[in-house]
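# Overview (structure and organization)
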Number of protein chains: 2
Amino acid sequence: MSQNHKITLMYNGARYGGWQVQKNAVTIQEELEKAFSTILRQDVSIIGASRTDAGVHALNYTANAFFDTDLEERRILSGVNAVLPEDIRVKSIKECDEAFHARYCAKSKTYVYQIDTSIYGDVFKKPYVWRFKYPLNFENMQKCTPFFLGRHDFSAFMSKGAQAKTFEREIYECSLTRQDDMITMKIRGNGFLYNMVRIIAGTLVSVGRGFLSGEEIPQIILSKERKRAGITAPPEGLMLYEIEYE
Amino acid sequence: MSQNHKITLMYNGARYGGWQVQKNAVTIQEELEKAFSTILRQDVSIIGASRTDAGVHALNYTANAFFDTDLEERRILSGVNAVLPEDIRVKSIKECDEAFHARYCAKSKTYVYQIDTSIYGDVFKKPYVWRFKYPLNFENMQKCTPFFLGRHDFSAFMSKGAQAKTFEREIYECSLTRQDDMITMKIRGNGFLYNMVRIIAGTLVSVGRGFLSGEEIPQIILSKERKRAGITAPPEGLMLYEIEYE
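Rules used in this analysis
- Residues numbered from 1 in each chain as written.
- Chains lettered and ligands numbered in written order.
- Predicted model: local features only at pLDDT ≥ 70, side-chain atom pairs only at ≥ 80, totals over all residues.
- Heavy atoms only, no water.
- Helix = DSSP H or I, 4+ residues; strand = E, 2+ residues; numbered from the N terminus.
- Contact = heavy atoms within 4.5 Å.
- Areas by Shrake-Rupley, 256 points an atom, 1.4 Å probe, with all protein chains shown as cover.
- Lys, Arg positive; Asp, Glu negative; His and termini not counted.
- Charge placed at Lys NZ, Arg CZ, Asp CG, Glu CD.
- Least-squares fit on C-alpha atoms with pLDDT ≥ 70 in both.
- UniProt positions renumbered as here; feature names shortened; annotations may be inferred.
- Buried < 20%, exposed > 50% of the residue type's maximum accessible area, 1.4 Å probe, protein only.
- Polar contact = N/O pair within 3.5 Å; in protein donor to acceptor, adjacent residues only side chain to side chain.
- Axes fitted to C-alpha atoms, helices over the stretch in contact; angles between N-to-C directions.
- Parallel < 35°, antiparallel > 145°, perpendicular 65-115°, else oblique.
- Left-handed = near helix turned anticlockwise from the far one by under 90°.
- Nonpolar A, V, L, I, M, F, W, Y, C, P; charged D, E, K, R; others polar.
- Salt bridge = Lys/Arg side-chain N within 4 Å of Asp/Glu carboxyl O.
- Domains from an automatic or database assignment.
- Buried area = accessible area lost by both parts, 1.4 Å probe.
- Phe/Tyr/Trp six-rings, centres within 6.5 Å; stacked < 30°, edge-to-face > 60°.
- Expected span 1.5 Å × (residues − 1).

## Quick word on the overall build of chain A
Helices and strands together make up the secondary structure of chain A, namely 5 helices and 10 strands. Taken along the three principal axes of its C-alpha coordinates, chain A extends 60 × 40 × 35 Å. Sequence-distant contacts in chain A: of pairs separated by 6 or more residues, those separated by 24 or more amount to 71%. Surface exposure of chain A reaches about 11,800 Å², of which carbon and sulfur atoms provide 46%. The distance from the centre of the 32 positive side-chain charges to the centre of the 30 negative ones in chain A is 5 Å.

This is the structure we're talking about:
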């Protein structure tokens, strides 16, 4: 059996149809498989930790791949990065136990959702924030974050079109901070349903706008009705921050 | 006399020939004057705090301009930002004392120079860092920063082609920090000679590479000889961070 490798990478997802290989869109997985296969002169399949959506970014994405090579890790790294488009960068490649599986071994995932509420729009953060120009009541939004903690059926916070079999997820951490005009939601859980982080972010924004009362959130969760939660925040503000393993 | 206004703005300088209006290059000042003149339907001259070089960025640049208008400040702001290219954003426009002059009233300026030493290159910070792939001895670099503090003739840290009449400048703060693979130099002074921040950053990098000994820096300053200092670091890593007034 080939040697297993743990791969960490980052990407600006703006130009991609998400992580997973699909027809009609260029994906991160496809670009990585092409780059690794080119440099290693063999077919390499890349197993990703998470199916990020079209337009979503990642700061520390984890993947794994089986291959055999005589090349040193730093040679593979520089070769792969030379072949990859500039908006996808492999940060490290390490030999790992054959039992390591980027998806199945993940204990939790942390996402960050950033909202630029400035009237002008930060030129440097622009590629990875949701530009939101209407006034938001930050304190009201912040009060809602504890409602999402713990184990719940999050069906009300899931878009249609997913293949999930179970709808219970556990959220370990959910915080909202503000620095100048930038609002940052950080959320860590054992897993997330389809669009769940974006619907939670959008629901907080609906609360901040006054369209929803924060106190309704526990009932919205219990209702399991998607239509009762807030909007789905756009993908550009979402960043997969880190995937935690044992 | 028209009403004076204090204007704060930010820009990604990559596409521009610096701040000041000049032939053969598009500049920040020119774009601002066009945008303000269009929105206010009068010729508006913009006085900038500093002549940033081609390719250099600004997070909080200060300018001032005299004009009269019935438009509310937030209307001018949104109008100007609608007309400006997306890499220049006006953050605020406030009426101010007629004696306020963005350049002459500035007490100090703070610059930040960022060096990305990762082997892969951060995709999100890329537009405003110097990507430097060779090993740097950070501790040796950090030991040098106190040598730049205080009042000195900084001729050794000035490129030719400037019109400075005096070469003494006072540095109030100079620090070097590291977070993961990103090295950040922060420097605040009452003024800077042509390319001075970039030559200081380049000199620190020369020390980090081992091409210069940090202990030579006091002698290099005293020598007033440009050729004894290190390289001029490239513009893309430089950001005018803030301009301080009384």
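Still more to cover.
## Focus: the relation of the copies chain A and chain B
Both copies of the chain are related by one operation, a rotation about an axis with a shift along it. For these two chains of identical sequence, chain A goes onto chain B by a turn of 180 degrees and a shift of 0.0 Å along the axis, with RMSD 0.0 Å. Taken together, the rotation angle and the small translation identify this as a two-fold axis. Taken as a fraction of all interface residues of chain A, those also at the interface in chain B reach 100%, which identifies the copy contact as same-surface.

## As for the UniProt feature "binding site: substrate" (unreviewed entry) in chain A
All names here are of chain A. In this structure's numbering, the residues bearing the UniProt feature "binding site: substrate" (unreviewed entry) are Tyr111. By secondary structure assignment, the location of Tyr111 is in strand β5 (residues 108-116). When its relative accessible area of 7% is taken as the criterion, Tyr111 is described as buried. If near-sequence neighbours (up to four positions away) are discounted, Tyr111 is found in contact with Ser50, Thr52, Met185, Lys186, Ile187, Phe192, Val197, Leu238, Met239, Leu240 and Tyr241. Here Ser50 takes part through its side chain, which lies 3.3 Å from a polar atom of the side chain of Tyr111.

## Let's talk about the packing of helix α1 (residues 28-40) of chain B against helix α2 (residues 73-83) of chain B
Residues and elements named next belong to chain B. Contact geometry for α1 and α2: axes closest at 9 Å, N-to-C directions at 125 degrees. Taken together, the axes of α1 and α2 lie oblique to each other. As for how α1 packs across α2, the hand of that crossing is right-handed. Contacts between α1 and α2 pair Ala35, Phe36, Ile39 and Leu40 from the former with Ile76, Gly79, Val80 and Val83 from the latter. Of the residues assigned to the contact of α1 with α2, the class counts are 7 nonpolar, 1 polar and no charged.

## Side note on the environment of Ile171(A)
Residues and elements named next belong to chain A. By the element assignment, Ile171 lies in strand β8 (residues 168-179). Given the relative accessible area of 2%, Ile171 is considered buried. C-alpha of Ile171 to C-alpha of Thr62: the two residues are 109 residues apart in sequence and 20 Å apart in space. Contacts of Ile171, omitting those with residues within four sequence positions, involve Phe148, Leu149, Gly150, Phe154, Ile187, Arg188, Gly189, Phe192 and Met196.

## Let's talk about the UniProt feature "active site" (unreviewed entry) in chain A
All names here are of chain A. Per the UniProt entry, the sites bearing "active site" (unreviewed entry) are Asp53 in this numbering. Among the structural elements, Asp53 can be located in the loop between β2 (47-48) and β3 (57-67). Setting aside residues up to four positions removed in sequence, Asp53 forms contacts with Gly18, Tyr194, Asn195 and Arg198.

## Concerning the pattern of salt bridges
Residue and element names in this part refer to chain A. This structure, assessed with the given rule, holds 22 salt bridges over all chains. Of the charged contacts in the structure, one is a salt bridge between Arg198 and Asp53, with a shortest N-O distance of 3.4 Å. One end of the pair, Arg198, is in helix α4 (residues 196-209); the other, Asp53, is in the loop between β2 and β3, and 145 residues separate them in sequence. For the residue pair Arg198 and Asp53, the accessibility class agrees, reading buried in each case. When the shortest N-O distance is used, the salt bridge between Glu168 and Arg151 registers 3.5 Å. Of this pair, Glu168 sits in strand β8 while Arg151 sits in strand β7 (residues 150-153), placing them 17 residues apart in sequence. With relative accessibility at 48%, the residue Arg151 sits in the partly exposed group. Here the residues in one salt-bridge network are Arg151, Glu168 and Glu170, joined through shared partners.

## Points about the domain arrangement of chain A
Residue and element names in this part refer to chain A. Split into domains, chain A comes out as domain 1 (3-96) and domain 2 (108-244). Between the C-alpha centres of domain 1 and domain 2 there is a distance of 27 Å. If you look at the interface, domain 1 gives 15 residues, while domain 2 gives 16 residues. Interface of domain 1 and domain 2: buried area, both sides summed, is about 1,200 Å²; carbon and sulfur atoms make up 54% of it. On the domain 1 side of the contact with domain 2, Asp53, His57 and Asn60 bury the most area, a combined 40% of that side's loss. One can count 1 salt bridge joining domain 1 with domain 2. The interface formed by domain 1 and domain 2 contains 9 residue pairs in polar contact (both at pLDDT 80 or more). Here the side of domain 1 that touches domain 2 is built from residues that sort into 6 nonpolar, 7 polar and 2 charged.

## A word on the environment of Asp43(B)
Turning to its location among the elements, Asp43(B) is positioned in the loop between α1 and β2 (47-48). C-alpha of Asp43(B) to C-alpha of Glu33(B): the two residues are 10 residues apart in sequence and 7.8 Å apart in space.

## Examining the packing of aromatic side chains
Per the counting criterion, the structure on display carries 22 aromatic pairs over all chains. Connected via pairs of aromatic rings, a cluster forms that spans Tyr113(A), Trp130(A), Phe132(A) and Tyr134(A).

## Comments concerning α1(B)
Residues and elements named next belong to chain B. Its 13 residues give α1 an end-to-end C-alpha distance of 18 Å, which sits within 8% of 18 Å, the value for a rise of 1.5 Å per residue. Residues of α1 that are buried make contact with β1 (3-11), β3 (57-67), α2 and β4 (88-96). For α1, the side-chain oxygen to backbone nitrogen distance between the N-cap and Glu30 is 3.3 Å, and the N-cap itself is Thr27. One or two residues past the end of α1 sits Arg41, with phi positive at roughly 55 degrees.

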